[in-house]
Amino acid sequence: MDDGEKQCVMGLITDCLRSNNMELTKKCVVHMLQLQNTLVAENKRINSCLLELCQLLDANHITNYVVKGQTLGALYPKPMLRTIGDIDFYIPAKHFEKARKLIEKEWMLKIEEGESKMHVSFYYKEIDFEMHRFLCEFPNKRTQKSFSKLIDSYPPFPVQVNGEKVPTLMPTINVFYTFLHLYQHFIKLGVALRQLCDLTVLLHHNCNEIDRKLLAKVLKDFGFTKAFRAIGTILIEKLGLPQEEFPLPITDTDKKYGERALQLILKHGNWGQYERDSYDRKSFKYLFERAYYRLSNQLFFLRLSPKYNRSLLLDELPSKTLERIRNSFKNKS
């Protein structure tokens, strides 16, 4: 249960313990029931806000895609037991400012620019929202443009959340994006098993809708084929995804890298927070810790995504590290 909490899959763990009639102490059972009730209440609350957002945008003819979070949670056998996060949604460039002004007016908010170039954040009814300009960040501008063009090439695909249609990415592109988001965060900060469970249920639920040729082409074009296969070995061997439902063939080399990736995930956890003594993102300790983690990961997994990792090593990592060090000096002064 401790590991389940660290990996953001506590609801799944408690459900498995109860479903398999494990002998548990009364104190443990009470704790699990309290946790499950809390998860159900949180999921109901975030679903309500999500549907309110979609209704507002749809009523004003603003194209939007809700990603991750509740759109993936809805695919679980028991959606209410998935640990919640924030609400992430993407608005194409031509509608972005219109959407921002509409939300500010209707929800009486002020949405300001933050540190991230990818999105703006706001808080509504005790829920964190991230409105994305683009869904993944690439150091290379040409790659960034190609990725945004790919996302915009397909209309929203509906998924049922609480019996209501919520727009998300079409299944094939959703698999690519969900993996890519997981992989990028894994290299830079760390991820939890929850993110791998999300990808597993997405592949399982849409196994007949995924265009395998298109997915293979997109992975190859962006340079993530080997990385996708390595993560796939964890989904198959550890999380129970039937091998025939994984879109690409797996090799022994993929299994080796997958095992190494799993060790890092179990060690560092959700956004790499377990081993961190200080949560101050402006401290030198945090900067050094994150830089070391990223550098070691990028070097180890260089063979899995050489194009992307080289751009991180030679472009993004040095510039962002220097920027954060300068900001740290400014804050201290």
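Our structure's up above, just so we're on the same page.
Report on the accompanying structure. (Residues numbered from 1 in each chain as written. Predicted model: local features only at pLDDT ≥ 70, side-chain atom pairs only at ≥ 80, totals over all residues. Heavy atoms only, no water.)

## Looking at the overall build of the protein
So, step 1. A count of helices and strands for the protein gives 13 helices and 6 strands.
So, step 2. For the protein, contacts bridging at least 24 residues in sequence account for 68% of all contacts bridging at least 6.
So, step 3. Summed over all atoms, the accessible surface of the protein reaches about 17300 Å², with 54% contributed by carbon and sulfur. (Helix = DSSP H or I, 4+ residues; strand = E, 2+ residues; numbered from the N terminus. Contact = heavy atoms within 4.5 Å. Areas by Shrake-Rupley, 256 points an atom, 1.4 Å probe, with all protein chains shown as cover.)

## Description of the nonpolar core
Soluble globular proteins tend to pack their nonpolar side chains together in the buried interior.
So, step 1. Counting residues in hydrophobic clusters, the biggest one holds 89 residues, and the most contacted among them are Phe89, Phe129, Phe147, Phe176 and Phe224.
So, step 2. Examining the composition of this core, we find that 10 residues originate from one element, helix α7 (residues 171-188), more than from any other.
So, step 3. With residues near it in sequence (within four places) discarded, Phe89 still touches Leu53, Leu57, Tyr65, Val66, Ile103, Phe122, Phe129, Glu130, Met131 and His132. (Core = buried A, V, L, I, M, F, W, Y, C linked by side-chain atoms within 4.5 Å. Buried < 20%, exposed > 50% of the residue type's maximum accessible area, 1.4 Å probe, protein only.)

## Some thoughts on unusual backbone geometry
So, step 1. One non-glycine residue, Lys125, adopts positive backbone phi at about 50°.
So, step 2. Topologically, Lys125 is positioned in the loop between β3 (119-124) and β4 (127-132).
So, step 3. On the basis of relative accessibility, which here comes to 48%, the residue Lys125 falls in the partly exposed class.
So, step 4. Positive phi is not limited to glycine here, since Glu126 has a value of about 65°.

## Topic: the side chain of Thr168
So, step 1. With respect to the helices and strands, the residue Thr168 is situated in strand β6 (residues 164-168).
So, step 2. A polar side-chain atom of Thr168 sits 2.7 Å from the main-chain carbonyl oxygen of Val66.
So, step 3. Setting aside chain neighbours within four positions, we find Thr168 in contact with Tyr65, Val66, Val67, Thr71, Pro156, Phe157, Val159 and Asn174. (Polar contact = N/O pair within 3.5 Å; in protein donor to acceptor, adjacent residues only side chain to side chain.)

## Focus on the packing of helix α10 (residues 225-237) against helix α11 (residues 252-268)
So, step 1. Running from N to C, α10 and α11 point in directions that differ by 70°, and their axes come no closer than 8 Å. Classified by the angle between their axes, α10 and α11 sit roughly perpendicular to one another. Residues Lys226, Arg229, Ala230, Ile231, Thr233, Ile234 and Glu237 of α10 form the contact with α11, whose own contacting residues are Asp254, Lys255, Tyr257, Gly258, Ala261, Leu262 and Ile265.
So, step 2. Taken together, the residues that form the contact of α10 with α11 break down as 7 nonpolar, 2 polar and 5 charged. (Axes fitted to C-alpha atoms, helices over the stretch in contact; angles between N-to-C directions. Parallel < 35°, antiparallel > 145°, perpendicular 65-115°, else oblique. Nonpolar A, V, L, I, M, F, W, Y, C, P; charged D, E, K, R; others polar.)

## Section: helix α2 (residues 10-19)
So, step 1. Taken together, the buried positions of α2 are occupied by Met10, Gly11, Thr14, Asp15 and Leu17. The buried residues of α2 all sit within an arc of 160° when viewed along its axis, so they share a single face.
So, step 2. Here the buried face of α2 lies against α1 (2-6) and α3 (26-59).
So, step 3. Taken from the residues just after α2, Asn21 is the one with a positive phi, measuring 55°. (Arc of directions from axis to C-beta.)

## Things to note about the packing of aromatic side chains
So, step 1. This structure, assessed with the given rule, holds 19 aromatic pairs.
So, step 2. Taken together, a centroid distance of 3.8 Å and an interplanar angle of 5° make the contact between Trp107 and Tyr124 stacked. Residue Trp107 is located in helix α5 (residues 93-107), and its partner Tyr124 is located in strand β3; the two are separated by 17 residues in the primary sequence. The pair Trp107 / Tyr124 is uniform in exposure class, with both members buried.
So, step 3. Note on Phe179 and Phe224: the rings are 6.4 Å apart at their centroids and 75° apart in plane angle, and the pair reads as edge-to-face. In this pair, Phe179 is assigned in helix α7 and Phe224 in the loop between α9 (212-222) and α10, connecting sequence segments 45 residues apart. (Phe/Tyr/Trp six-rings, centres within 6.5 Å; stacked < 30°, edge-to-face > 60°.)

## Things to note about the pattern of salt bridges
So, step 1. Evaluation of the coordinates by the stated rule reveals 10 salt bridges.
So, step 2. As a salt-bridge pair, Glu52 and Lys125 come within 3.1 Å of each other at their nearest N and O atoms. Taken as a pair, Glu52 in helix α3 and Lys125 in the loop between β3 and β4 lie far apart in primary sequence, 73 residues in all.
So, step 3. Of the residues examined, Glu52 reaches a relative accessible area of 23% and is grouped as partly exposed.
So, step 4. Glu237 serves as the salt-bridge partner of Lys255, at 3.7 Å between the closest nitrogen and oxygen. Placement of the pair is Lys255 in helix α11 and Glu237 in helix α10, with a sequence separation of 18 residues.
So, step 5. Using a relative accessible area of 46% as the deciding quantity, one classes Glu237 as partly exposed.
So, step 6. Through salt bridges with shared partners, one network takes in Glu97, Arg100, Glu113 and Arg133. (Salt bridge = Lys/Arg side-chain N within 4 Å of Asp/Glu carboxyl O.)

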